[in-house]
Amino acid sequence: LLFQCRPRCSVGIWASAASAMRLAIVAVVSGAIRAYGASSSLFLGQKSEGPKSLPINTKALHSQIDVDRQVEKFEDKRFEANLAELGSYTSAAAARAAAAAEEATAAEQHVQQLDLTNEVTVASAKDYLNKLQSEAQDAVEASGEVAKTVSEAKTISKAASAKAEKLALKSVEKMFESKYKSLEGWRKEVLTNHWENARQAGIKAFQPYEHMMSVANERANKYKAAAVTLSGVASSLADQASKSSLTAGMKRMNGDMEGAANLDGVARGLRTHSQELKTYAKNLNSESEILSENAPTYLERGLMAAKRARYDANPGYLPPLPMNPDFAYVPPTN
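Here's a quick rundown of the structure. (Residues numbered from 1 in each chain as written. Predicted model: local features only at pLDDT ≥ 70, side-chain atom pairs only at ≥ 80, totals over all residues. Heavy atoms only, no water.)

## Comments concerning the overall build of the protein
And then number 1: What the protein contains, in helices and strands, is seven helices and zero strands.
And then number 2: Along the protein, from the amino end to the carboxyl end, the secondary structure elements read α-α-α-α-α-α-α.
And then number 3: Expressed as a percentage of its 334 residues, the buried residues of the protein come to 15%.
And then number 4: Residue pairs at least 24 apart in sequence account for 78% of intrachain contacts in the protein once pairs closer than 6 positions are excluded.
And then number 5: Accessible surface, the protein: about 25,200 Å² in total, of which carbon and sulfur atoms supply 60%. (Helix = DSSP H or I, 4+ residues; strand = E, 2+ residues; numbered from the N terminus. Buried < 20%, exposed > 50% of the residue type's maximum accessible area, 1.4 Å probe, protein only. Contact = heavy atoms within 4.5 Å. Areas by Shrake-Rupley, 256 points an atom, 1.4 Å probe, with all protein chains shown as cover.)

Okay, here's the thing in structure tokens:
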């Protein structure tokens, strides 16, 4: 049992085991001696009752003294043999005790080495624990910095998100604008209805000439109407002048020379004004005739301008586009 528990026993246990072994050896020797005494009693014809002292019959002993002397030599030899055997047992036990002591010494040294190793391990563990605590403190401080950085990053990210949205919108607008510009030629050649553009250009070019023709005709009519009105007024004034002259002649015949002279002056003024009105009416009539003659020329010039505009807009005289959009427009090529 001692050798089985040797790797796990301490030095104190080993010392106690050695003491117990020595006590066991003493007990074995004592038991052997008592056994030897018992055997001697058997040889003497007595029963051994243990270590108690029994009363001895001296007469019997004296009668048997010769027998005792004869047996004494045999008992001495047996006792020496037992002692020799016990000595060998004691030597073996002492050898085992010495081996156990050596094992105990080695175990004590191993325990001391283990204690030293444990101390070194504990010191290393303490250092490692201190290092871990320091790293944990650093981690806590770093987590605070990280939280602060995350908060700042969130604040910055909101502004950055708004700016990114604006930049994305501008980028998309620029992309569409550049694409629109790149398709300018395609739109002009394919998406443009040259025939319709030419028609609209002709109408637009004809409109000012049409307007001037209308203005000329309108003015000619106005001038003609004004000339007719002025001619009527001039005729009326001439009639009034004739009447004034007749009245002045009657006054002269009646001797009213002053009244006749006044009426003659009025008649002259009416005739003069009537003549001016006739001249102005004649001029208006001439202007009206000129405008009436020139009005058709506006139409001719307007038609020529419309034709020129249609040619400029559609020099190839392209026909109108088909009504089906699948055939009207050709998609742009890559």
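## A closer look at the environment of Glu 258
And then number 1: Along the polypeptide, Glu 258 turns up in helix α6 (residues 257–313).
And then number 2: When its relative accessible area of 62% is taken as the criterion, Glu 258 is described as exposed.

## Digging into the environment of Leu 237
And then number 1: Here Leu 237 is to be found in helix α5 (residues 194–253).
And then number 2: Given the relative accessible area of 15%, Leu 237 is considered buried.
And then number 3: Considering only alpha carbons, one finds Leu 237 and Thr 272, 35 residues apart in sequence, at a separation of 9.0 Å.
And then number 4: Aside from chain neighbours lying at most four places away, what touches Leu 237 is Leu 270, His 273, Ser 274 and Leu 277.

## Looking at the side chain of Asn 314
And then number 1: Its place among the elements puts Asn 314 in the loop between α6 and α7 (325–328).
And then number 2: The residues contacting Asn 314, other than those within four sequence positions of it, are His 194, Trp 195 and Ala 198.

## Some points on the packing of aromatic side chains
And then number 1: Throughout the structure, instances matching the rule amount to zero aromatic pairs.
And then number 2: The ring of Tyr 298 carries the charged tip of Arg 301 above its face, separated from the ring centre by 4.6 Å. (Phe/Tyr/Trp six-rings, centres within 6.5 Å; stacked < 30°, edge-to-face > 60°. Lys NZ or Arg CZ within 6 Å of the ring centre and 35° of its normal.)

## Re the packing of α5 against α6
And then number 1: One can describe the packing of α5 onto α6 by two numbers: an axis separation of 6 Å at closest approach and a directional angle of 170 degrees. What the angle tells us is that α5 and α6 run roughly antiparallel.
And then number 2: Looking at the contact of α5 with α6, its residues break down into 38 nonpolar, 19 polar and eleven charged. (Axes fitted to C-alpha atoms, helices over the stretch in contact; angles between N-to-C directions. Parallel < 35°, antiparallel > 145°, perpendicular 65-115°, else oblique. Nonpolar A, V, L, I, M, F, W, Y, C, P; charged D, E, K, R; others polar.)

## Some points on the pattern of salt bridges
And then number 1: Throughout the structure, instances matching the rule amount to four salt bridges.
And then number 2: Salt-bridge contacts for Arg 199 lead to Glu 196; the nearest nitrogen and oxygen are separated by 2.7 Å. In this pair, Arg 199 and Glu 196 both sit in helix α5, three residues apart, roughly one turn of the helix.
And then number 3: For Arg 199, a relative accessible area of 34% corresponds to the partly exposed category.
And then number 4: The partner of Asp 312 in a salt bridge is Arg 308, and the shortest N-O contact between them spans 3.6 Å. You can see Asp 312 and its partner Arg 308 sitting in helix α6, four residues apart, about one turn around the helix.
And then number 5: We classify Asp 312 as partly exposed; its relative accessible area is 48%. (Salt bridge = Lys/Arg side-chain N within 4 Å of Asp/Glu carboxyl O.)

## Examining the nonpolar core
And then number 1: If you look at the biggest cluster of nonpolar residues, it comprises ten residues: Ala 227, Leu 230, Ala 234, Leu 237, Ala 241, Ala 267, Leu 270, Leu 277, Ala 281 and Leu 284.
And then number 2: Not counting chain neighbours up to four residues away, the residues in contact with Ala 241 comprise Ala 267, Leu 270 and Arg 271.
And then number 3: Core analysis: the next-biggest nonpolar cluster, separate from the first, contains six residues, Ala 216, Leu 291, Ala 295 and Tyr 298 among them. (Core = buried A, V, L, I, M, F, W, Y, C linked by side-chain atoms within 4.5 Å.)

## Digging into a negative patch on the surface
And then number 1: Judged by side-chain charge, Glu 135, Asp 138, Glu 141, Glu 145 and Glu 152 come together as a negatively charged surface patch.
And then number 2: By the element assignment, Glu 145 lies in helix α3 (residues 65–182). (Patch = residues over 30% accessible without salt bridge, like charges linked within 9 Å, V, L, I, M, F, W, Y side chains within 5 Å. Lys, Arg positive; Asp, Glu negative; His and termini not counted. Charge placed at Lys NZ, Arg CZ, Asp CG, Glu CD.)

## Description of the side chain of Ser 244
And then number 1: Within the secondary structure, Ser 244 is located in helix α5.
And then number 2: With residues up to four places along the chain from it excluded, the contact list for Ser 244 reads Leu 263, Val 266, Ala 267 and Leu 270.

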